[in-house]
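Next come the chains, spelled out residue by residue.
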Amino acid sequence: MDFLSDMLKATRWTAKTYLNSAGEGPWCAQIQYRPQGVFHAVLQGGCYLRQGGNPEPIALEEGDIIAFPTGGDHKLSGSAEGLKLPSENVIRLPDDDDVMVVKRGTVSFSQPERVKEPHEAARWLSGTMSYDTSIHHPLLKNLPCFIHVRKASAESRQVLEGVVNLMVETSKSDTAGSALTIDRLTEVLFLQLLRSHLQESPQEEGYFAALLDPQIGIALNLVHAEDDGSLTVESLCEAAGMSRTRFNARFTELVGETPKAYLTHTRLLRAKTMLQHSYDSVITIAEATGYSSESSFSKAIKKHFGRTPGELRRAAS
């Protein structure tokens, strides 16, 4: 498993999706700030985006995808002038009580499986991304505030378009499991958005820069692919082709914590996931994450998460 997929799994990313439409005439939809992520994919027509605090509108074309991984306040409208419309009609999205949309004009928000064949001037797919904010990890701390993948510029455009098209086609089906399928596809879409962001907007510092670093990136991939608890800081140094002193300094500079702390943190996150989503015994999970005894493993889990392995397992069930 690659580092990005592993981290999204460990931080418990989930998604909900909505198909939205706007009729002819002036309209405006304001998505209020939420603590986690929101994205939009323009399916038909075009619209304008204004980010909270930024006076300049951004023109979005059919095929564009935008995301606010940290949930920034923003407006969508059919025209640049429409962004100035006063907001009316505060609504909450179905089954997502923490998301409020302030709308003006003929804008509708619906669960995908309830949408038939709309013929409005604009259509776009929206999704909300939720993750475990109790987990303190460099990935969550370094998420970009805004991602814009243009249809004409993204190298990963075909993959993104394929996922969006599959989501739309699935939304037209009344078959069992279509809603769950769409939500899972939303998770795939967001994963691809992050990959596209990494490819097109290389970072000079922080966690995303570490992922792209030719030496530290190798070490991070090894950490997230580990399944037997056998890695050591020395073996990571060797794989990266760096001295221990240089490796420690560079890793800490980019990731924000030492290699040993990151390795321990990642193993314990993986152990927490196994405790909550498998029937493996505690000693089996302990050994798979590098602990030779159940007691030392339990102490580490308790120190890291404030709960014993048994308490974590019972809370999940």
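So, a few notes on the structure that sits alongside this text. Note that the structure is predicted; figures quoted are calculated from it, not measured. (Residues numbered from 1 in each chain as written. Predicted model: local features only at pLDDT ≥ 70, side-chain atom pairs only at ≥ 80, totals over all residues. Heavy atoms only, no water.)

**Some details on the overall build of the protein**
Okay, step 1: The helix and strand tally for the protein stands at 12 helices and 12 strands.
Okay, step 2: The burial tally for the protein puts 49% of its 317 residues in the buried class.
Okay, step 3: The long-range fraction of contacts in the protein, counting pairs at least 24 apart against all pairs at least 6 apart in sequence, stands at 72%. (Helix = DSSP H or I, 4+ residues; strand = E, 2+ residues; numbered from the N terminus. Buried < 20%, exposed > 50% of the residue type's maximum accessible area, 1.4 Å probe, protein only. Contact = heavy atoms within 4.5 Å.)

**Details of the packing of helix α6 (residues 216-225) against helix α9 (residues 259-277)**
Relative placement of two packed helices is described by the angle separating their axes and the distance separating the axes.
Okay, step 1: At a minimum axis distance of 10 Å, the contact between α6 and α9 shows a crossing angle of 30°. With respect to their mutual orientation, α6 and α9 come out roughly parallel. For the pair α6 and α9, the sense of crossing is right-handed. Residues Leu220, Val223 and His224 of α6 pack against Tyr262, Leu263, Thr266 and Arg270 of α9.
Okay, step 2: Among the residues forming the contact of α6 with α9, the class breakdown is four nonpolar, two polar and one charged. (Axes fitted to C-alpha atoms, helices over the stretch in contact; angles between N-to-C directions. Parallel < 35°, antiparallel > 145°, perpendicular 65-115°, else oblique. Left-handed = near helix turned anticlockwise from the far one by under 90°. Nonpolar A, V, L, I, M, F, W, Y, C, P; charged D, E, K, R; others polar.)

**Section: the packing of aromatic side chains**
Okay, step 1: Inspection of every chain in the model, using the stated rule, returns seven aromatic pairs.
Okay, step 2: Considering the side-chain rings of Tyr207 and Phe208, the 6.5 Å spacing of their centres and the 80° angle between planes classify their relative orientation as edge-to-face.
Okay, step 3: On the accessibility criterion, Tyr207 (1% relative accessible area) is buried.
Okay, step 4: Both rings, one in Phe247 and one in Phe251, keep their centres 5.6 Å apart while their planes meet at 50°; by these two values the pair is tilted. With Phe247 and Phe251 both in helix α8 (residues 244-255) and four residues apart, this pair spans about one turn of that helix. (Phe/Tyr/Trp six-rings, centres within 6.5 Å; stacked < 30°, edge-to-face > 60°.)

**Here we look at the pairing of strand β7 (residues 74-77)**
Okay, step 1: Neither face of β7 is exposed, since His74 and Leu76 on one face and Lys75 and Ser77 on the opposite face are all buried.
Okay, step 2: Where strand β2 (residues 28-31) meets β7, four bridges bridge the pair, whose relative direction is antiparallel. The partner of Ile31 across the bridge, within β7, is His74.
Okay, step 3: With four bridges joining them, strand β4 (residues 47-51) and β7 adopt antiparallel strand pairing. Bridge pairing in β7 places Leu49 opposite Leu76. (Pairing = 2+ DSSP bridges.)

Spatial relationships are all this shows, so hold off on functional conclusions.
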